[in-house]
Amino acid sequence: MLRTAPRLLRTICTSAAAYQHKLKLALIGQSIFGQEVYNKLRKDGHKVVGVFTVPDKNGQADPLALAAEKDGTPVFKFPRWRAKGKPIQEVIAAYKSVGAELNVLPFCTQFIPMDVINCPKHGSIIYHPSILPRHRGASAINWTLIQGDKKAGFTIFWADDGLDTGPILLQRECDVGQNDTVDDLYNRFLFPEGIKAMVEAVHLIADGKAPRIPQPKEGATYEGIQKKENAEISWDQPASSLHNWIRGHDKVPGAWTTIDGQVVTFYGSSLLDASVPTGQELAIKGASRPGLVTKNGLVVFGNDGKMVLVRNLQFEDGKMIPASKYFSADETTALELTEEEKKMAEDIKAIWKGILSNIAVIEDSTDFFKSGASSMHVVRMLEEIKQKYGGLQLQNEDVYMATKFADFIQMAVRKFRGEDKEEELVIDYVSKNMNNMTVNMPYQCFINGQFINADDGKTYDTINPADGSVIASVSSASLADVDKAVAAAKEAFENGEWGRMNARERGRLMYRLADLMEEHQEELATIESIDSGAVYTLALKTHVGMSVQTFRYFAGWCDKIQGATIPINQARPNHNLTFTKKEPIGVCAIVIPWNYPLMMLAWKSAACLAAGNTLVLKPAQVTPLTSLKFAELSAKAGFPKGVINILPGSGGLVGQHLSEHPDVRKVGFTGSTPTGKQIMKSAAANLKKVSLELGGKSPLIIFSDCELDRAVKMGMGAVYFNKGENCIAAGRLFVEESIHDEFVSKVVEEIKKMKIGDPLDRSTDHGPQNHKAHLEKLLQYCEIGVKEGATLVYGGRQVCRPGFFMEPTVFTDVEDHMYIAQEESFGPVMVISKFKNGDVDGVLRRANSTEYGLASGVFTKDIGKALYISEKLEAGTVFINTYNKTDVAAPFGGFKQSGFGKDLGEEALHEYLRTKAITVEY
């Protein structure tokens with residue numbers, strides 16, 4: 001978000017083609033950040049006439065220097081620019097020799113004299129990681145977190161002789177999540193967006209459009225550099241302040257305290273909003289209450305009694321351990337290596353030697369970081385190990401946990417042997433004894449393979465529509481949770497096991513998940529019944545049964561997704577081969593409705609996963625529980641972390657942020673047409689792929705030559721199936737005049753036989769509406785129908801019993817202009833209109849006179865008439881002498897304002913794939 005000069009900056013296109021002028025630049029700084037700014041400025045056509053960076057450290061050149069030297073750009077490595085407070089003239093002369101028109105300081109730790117700052121024609125611009133004038137100084141990101149700011153951001157400003165006081169060129173900001181660390185903010189926002197903004201700032205200057213906005217005096221702060229000696233934790237403060245202090249120093253310089261007489265540094269903190277867990281007490285110097293070493297980490301207490309969970313601890317010798325292992329850290333005995341493992345250790349030693357070229361011999365005591373390695377080298381080391389030993393899955397955190405060579409080899413061998421497998425999934429359940437079983441329901445967000453509370457700790461109640469009671473208090477995901485889930489899904493897709501997995505292995509996991517869903521079908525159906533109001537027998541057969549079928553169907557597709565070879569004109573005398581590949585899109589957001597919670601999840605997720613994507617799914621706010629149970633089963637099936645993420649909560653918050661998120665490449669949505677339109681608008685901001693299954697007003701035409709009893713039975717199913725909460729429900733019945741009265745009489749007669757009651761009762765035909773607000777909307781719908789002159793033949797009222805029950809309802813004499821003839825009820829309301837005997841084309845015009853086009857149906861014994869009707873009906877699905885007959889192999893989706901794109905069948909796969917054309921000359 002732009003903080004300054006919004007009118008100016010919002011009217012300027014930031015694509016490279018929009019800028020006409022190029023500059024000669026001097027880059028003064030260091031780090032990968034500086035390297036990325038350098039690369040993008042050169043790519044956009046600016047000339048970098050000189051790079052001024054720091055000297056090599058332990059024989060390792062800075063990344064900015066490496067990039068510039070590779071390109072042949074002049075590189076200067078000055079240890080300092082001043083001596084005894086005065087500029088070093090030789091250094092100044094070397095700088096002036098390059099003839100820069102603008103100095104760009106993306107990240108600079110050196111003090112640059114004003115002779116240099118003011119030398120170029122356009123002066124100098126600097127990147128600063130805070131929203132100036134707040135948090136001036138070198139530890140701005142740390143202080144943003146330490147002081148609990150809700151917003152973070154960066155400023156690009158014109159350098160002057162003050163400390164971060166120059167005029168502002170542009171600013172951008174982001175939200176700060178409750179558990180964000182310095183690394184989180186930097187990697188998610190400050191690094192990628194900062195690079196883009198630095199390049200944009202140079203373009204604005206080149207075109208003479210860069211503002212100079214004086215910094216306001218109000219809100220200005222300056223904080224000193226945070227060093228290890230002043231990062232000690234003060235325990236006499238609330239838990240939130242302790243958490244902010246710890247995360248504000250994570251990973252550098254590290255907040256510390258004294259335990260058992262030695263300095264221990266804390267990493268990976270989060271607020272813990274739960275009952276006090278069981279654990280072993282640990283005395284901490286200065287703390288009024290002992291900490292608790294639990295299975296999830298070290299729990300410490302603020303002076304308000306609230307808790308902070310710390311996941312990792314580092315000792316004075318540099319060794320880092322999971323906090324949960326504090327009392328068992330020294331119990332691990334050294335492994336005796338096999339010949340194969342000894343060879344692996346030698347290969348890893350060679351990789352270390354290649355990185356630590358300044359170290360003569362890699363010994364057991366060699367410390368990776370103390371020998372000069374940085375976070376950049378961690379990535380390189382792990383990638384080189386991965387190339388040699390693909391089955392050895394190591395993470396960045398593993399290196400920080402075992403920085404000495406001997407410890408690293410022990411850790412790597414344990415993982416190679418499979419001894420270091422992840423701990424069993426920790427799940428807090430809400431358990432209820434019902435339906436002759438104990439039902440265990442997860443209630444937290446599922447992110448990156450873990451059930452966790454929402455980042456801000458918020459929850460909401462999910463209600464049993466059968467009696468209005470609270471089933472569970474469910475985590476309500478925040479924007480920070482969305483960002484975490486998307487990041488986890490992106491990491492799993494780009495760098496994780498899932499992205500490397502072959503298609504048949506992917507299919508095996510999906511089959512395993514389907515088997516687990518079938519094993520738990522009664523529990524899933526029970527949860528679906530109490531959370532959505534579905535009659536148990538229907539939930540078991542359709543909600544759960546079709547979900548299992550869907551996963552099995554798409555599991556079979558995993559290794560059958562193919563491209564094609566394409567004949568093209570040859571580039572004579574050479575030959576060409578052109579072929580296409582079908583590739584997964586990436587991170588997909590799936591937003592599902594409340595009428596079939598598990599089945600809608602399956603329809604979209606199964607195709608998405610079969611294609612090789614990862615997903616973040618938002619269940620409907622009122623029906624989250626089967627989605628969270630599904631998450632548990634997916635973990636037990638062996639799906640890697642980050643592939644499946646489930647975020648219960650608000651659609652306006654979570655769904656909106658997912659549709660806008662730049663790292664989400666596809667949105668699959670089922671729900672209302674207005675919400676679908678909003679998703680399209682949001683997705684347009686970064687042109688992500690969208691498929692929408694939206695509202696309907698499906699016409700069902702019943703001719704006099706039909707088999708009447710069958711038409712009555714199917715017609716009732718078309719309206720009352722799943723209490724009318726059915727996207728393809730027949731929203732309007734057109735009954736031929738000669739059989740109209742008999743049809744209505746038979747429908748009412750059958751309705752009176754229906755049993756309304758507890759959805760867990762096997763004899764119940766009709767359960768409660770999904771939630772109270774929907775029931776109220778249906779009652780209002782019926783009131784409008786009566787007021788406009790339609791005849792209420794039956795029902796239209798709430799059933800007099802606890803819960804959200806509504807009588808099956810029948811309206812006749814419904815004219816085309818009436819509200820109930822045009823708008824979807826999404827409930828048990830049959831809307832009947834007559835049509836004249838034999839008026840086929842007339843009834844067709846009336847049936848198509850709607851903006852919706854999801855489904856339709858016709859009942860007649862005349863197959864020629866039926867096929868003619870099916871050709872003319874403007875709907876994605878047409879049923880002939882049946883209704884609600886969907887199958888996992890048949891594509892499903894609507895026309896017009898009922899959306900676009902398909903669920904189910906082979907066509908659904910294409911919604912989650914992209915086509916790449918490749919041409920080879922030989």
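Keep in mind that what you see is a predicted model, and the values were worked out from it rather than measured. (Residues numbered from 1 in each chain as written. Predicted model: local features only at pLDDT ≥ 70, side-chain atom pairs only at ≥ 80, totals over all residues. Heavy atoms only, no water.)

Participant: Explanation requested: the overall build of the chain in the structure shown.
Facilitator: Across its full length, the chain holds 28 helices and 40 strands. Over its C-alpha atoms the chain spans a radius of gyration of 32 Å, differing by no more than 12% from the 29 Å that the globule rule assigns to 922 residues. The principal-axis extents of the C-alpha atoms in the chain amount to approximately 105 × 65 × 65 Å. The proportion of buried residues among the 922 residues of the chain is 55%. Considering only intrachain contacts with a sequence separation of at least 6, the fraction spanning at least 24 residues in the chain is 70%. Carbon together with sulfur atoms contributes 50% to the accessible area of the chain, which is approximately 39,500 Å² in total. When the 105 positive and 112 negative side-chain charges of the chain are each reduced to one mean point, those points stand 5 Å apart. (Helix = DSSP H or I, 4+ residues; strand = E, 2+ residues; numbered from the N terminus. Rg over C-alpha atoms; globule rule 2.2 N^0.38 Å. Buried < 20%, exposed > 50% of the residue type's maximum accessible area, 1.4 Å probe, protein only. Contact = heavy atoms within 4.5 Å. Areas by Shrake-Rupley, 256 points an atom, 1.4 Å probe, with all protein chains shown as cover. Lys, Arg positive; Asp, Glu negative; His and termini not counted. Charge placed at Lys NZ, Arg CZ, Asp CG, Glu CD.)

Participant: I keep staring at the domain arrangement of the chain and nothing clicks. Help me out?
Facilitator: Quoted interface sizes are often the accessible area lost when the parts come together. Taken domain by domain, the chain comprises domain 1 (24–207), domain 2 (228–325), domain 3 (339–417), domain 4 (429–693) and domain 5 (699–899). Here the C-alpha centre of domain 5 lies 30 Å away from the C-alpha centre of domain 4. Across the boundary between the two partners, domain 4 contributes 33 residues, which contact 33 residues of domain 5. Between domain 4 and domain 5, a total of about 2,700 Å² is buried, with carbon and sulfur atoms accounting for 62% of that surface. Along the contact surface separating domain 4 from domain 5 lie zero salt bridges. Linking domain 4 with domain 5 are 12 residue pairs in polar contact (both at pLDDT 80 or more). Among the secondary structure elements, those contributing two or more residues to the side of domain 4 that touches domain 5 are α16 (521–532), α17 (536–555), α21 (673–684) and β29 (689–693). Considering each element in turn, the side of domain 4 that touches domain 5 owes the most residues, nine residues, to α17. Looking at the side of domain 4 that touches domain 5 residue by residue, the class counts come to 15 nonpolar, 14 polar and four charged. (Domains from an automatic or database assignment. Buried area = accessible area lost by both parts, 1.4 Å probe. Salt bridge = Lys/Arg side-chain N within 4 Å of Asp/Glu carboxyl O. Polar contact = N/O pair within 3.5 Å; in protein donor to acceptor, adjacent residues only side chain to side chain. Nonpolar A, V, L, I, M, F, W, Y, C, P; charged D, E, K, R; others polar.)

Participant: Looking at this structure, I do not really get the nonpolar core. What am I missing?
Facilitator: Inside soluble globular proteins, nonpolar side chains tend to come together where they are buried. M510, F551, F639, I702, L733, F743 and M830 are the most contacted members of the largest nonpolar core, which totals 102 residues. The residues that make up this core include at least three from each of domain 4 (429–693) and domain 5 (699–899). Setting aside residues up to four positions removed in sequence, I702 forms contacts with A711, L733, F734, V735, E736, I739, F743, F835 and F859. By size, the runner-up hydrophobic cluster in this structure holds 39 residues, among which are L64, I195, A197 and I205. (Core = buried A, V, L, I, M, F, W, Y, C linked by side-chain atoms within 4.5 Å.)

Participant: I tried to follow the pattern of salt bridges on my own but got confused; where do I start?
Facilitator: Where charged atoms from two side chains of opposite charge approach closely, those side chains can pair. Tallied over the full model, the rule gives 39 salt bridges. Between K151 and E173 there is a salt bridge, and its shortest N-O distance comes to 4.0 Å. Separated by 22 residues along the polypeptide, K151 in strand β8 (residues 151–158) and E173 in strand β9 (residues 168–175) bring together distant segments of the chain. What makes K151 partly exposed here is its relative accessible area of 38%.

Participant: It is not clear to me how the packing of aromatic side chains should be interpreted in this structure. Could you clarify?
Facilitator: Working definition: an aromatic ring pair is given by the centre-to-centre distance plus the angle between the planes. With the rule as written, the count across this model stands at 29 aromatic pairs. Ring centres of F76 and F78 lie 5.9 Å apart, and the angle between their planes is 35 degrees; on these two criteria the pair is classed as tilted. Among the aromatic residues, ring-to-ring pairing joins F33, Y127, F154, Y186, F189 and F191 into one connected group. Lying over the aromatic face of W158, R212 brings its terminal NZ or CZ to 3.6 Å of the ring centre. The ring of F703 has K865 sitting right over it, with the charged end atom 4.1 Å from the ring centre. (Phe/Tyr/Trp six-rings, centres within 6.5 Å; stacked < 30°, edge-to-face > 60°. Lys NZ or Arg CZ within 6 Å of the ring centre and 35° of its normal.)

Participant: I'm lost on the side chain of K865 in this one. Help?
Facilitator: Along the chain, K865 falls in helix α27 (residues 863–872). A residue is classified by how much of its surface remains accessible, and K865, at 19% relative accessible area, is buried. Excluding residues within four positions of it along the chain, K865 makes contact with F703, D705, V840 and T860.

Participant: Would you mind going over a negative patch on the surface with me for this structure?
Facilitator: Negative charge collects at one region of the surface, where E316, D317, E363, D364 and D407 lie side by side. By relative accessible area, D364 is classed as exposed at 52%. (Patch = residues over 30% accessible without salt bridge, like charges linked within 9 Å, V, L, I, M, F, W, Y side chains within 5 Å.)

Participant: What's the story with the packing of helix α20 (residues 651–660) against α21 in this structure? I'm lost.
Facilitator: Each pair of packed helices gets described by two things: the angle between the helix axes and the distance between those axes. For the pair α20 and α21, interaxial distance at closest approach is 7 Å and the crossing angle is 40 degrees. Considering their axes alone, α20 and α21 lie oblique with respect to each other. Mapping the contact onto sequence places Q656, S659 and E660 in α20 and Q678, I679, S682 and A683 in α21. Looking at side-chain class alone, the contact of α20 with α21 contains two nonpolar, four polar and one charged residues. (Axes fitted to C-alpha atoms, helices over the stretch in contact; angles between N-to-C directions. Parallel < 35°, antiparallel > 145°, perpendicular 65-115°, else oblique.)

Participant: What am I meant to see in the packing of helix α18 (residues 597–610) against helix α19 (residues 625–637) here?
Facilitator: With their axes 8 Å apart at the nearest point, α18 and α19 run at an angle of 50 degrees to one another. If you check the angle between α18 and α19, you find them oblique. Here α18 and α19 pass one another in a crossing that is right-handed. Facing α18, whose interface residues are P597, L598 and L601, α19 presents T626, S627 and F630. Tallied by class, residues from the contact of α18 with α19 come to four nonpolar, two polar and no charged. (Left-handed = near helix turned anticlockwise from the far one by under 90°.)

Participant: For this particular structure, what's the right way to read the sheet that holds β8?
Facilitator: One key point about sheets: their strands pair by backbone hydrogen bonds, in either a parallel or an antiparallel sense. Read from one edge of the open sheet, seven strands run β3-β2-β1-β6-β7-β8-β9, paired in mixed fashion. At either end of the open sheet lies a strand with only one pairing partner, and these are β3 (75–77) and β9. Adjacent strand axes in the sheet meet at a mean angle of 15 degrees, parallel and antiparallel pairs treated alike. Pairing of strand β2 (residues 47–53) with β3, which is carried by three bridges, proceeds in the parallel orientation. Bridge assignment links V51 to a residue of β3, and that residue is V75. (Pairing = 2+ DSSP bridges.)

Participant: Looking at this model, I keep getting lost on α17. Mind explaining?
Facilitator: An α-helical turn contains 3.6 residues, so any two residues separated by three or four positions project in the same direction. For α17, built from 20 residues, the straight-helix expectation of 28 Å at 1.5 Å per residue is met to within 8% by its first-to-last C-alpha distance of 27 Å. Where α17 bends most, at G545, the angle is about 35 degrees. The element α17 is largely enclosed, with a buried count of 14 among its 20 residues. (Expected span 1.5 Å × (residues − 1). Bend = angle between axes of the 7 residues up to and from the residue.)

Participant: Can you help me understand the side chain of Q444 in this one?
Facilitator: Residue placement: Q444 occurs in the loop between β18 (437–442) and β19 (445–447). A polar atom in the side chain of Q444 sits 2.9 Å from the side chain of N453. In this structure, Q444 is in contact with D428, F451, I452, N453, S475 and L628, ignoring residues within four places of it in sequence.

Participant: What should I look at first to understand the sheet that holds strand β40 (residues 913–921) in this one?
Facilitator: The three strands are arranged β23-β24-β40 in an open sheet whose pairing can be described as antiparallel. Strands with a single pairing partner mark the edges of an open sheet, and in this sheet they are β23 (565–566) and β40.

Participant: What is the right way to read unusual backbone geometry from this model?
Facilitator: Keep in mind that most residues, glycine aside, have a negative phi and that most peptide bonds are trans. Cis geometry is adopted by the peptide bond preceding P133, which originates at L132 and carries an omega value of 15 degrees. For P133, the position within the fold is in the loop between β7 (124–128) and α6 (140–146). Located in the positive-phi region is N436, a residue other than glycine, with phi close to 65 degrees. By the element assignment, N436 lies in the loop between β17 (429–434) and β18. Positive phi values are uncommon outside glycine, yet N884 reaches one of about 65 degrees. Its place among the elements puts N884 in the loop between β37 (877–880) and β38 (895–896).

Participant: Teacher, can you tell me more about the pairing of strand β21 (residues 459–463) here?
Facilitator: Remark: a regular strand shows side chains that alternate across the two faces of the sheet. Only one face of β21 is buried: it carries Y460 and T462, and the other face, with T459, D461 and I463, is open. Taken together, the five bridges between β21 and strand β22 (residues 470–475) define a ladder with antiparallel strand orientation. By the bridge assignment for β22, T462 is matched with A472. Counted along the chain from β21 to the antiparallel partner β22, the turn is six residues long, and its residue G468 has a positive phi close to 80 degrees.

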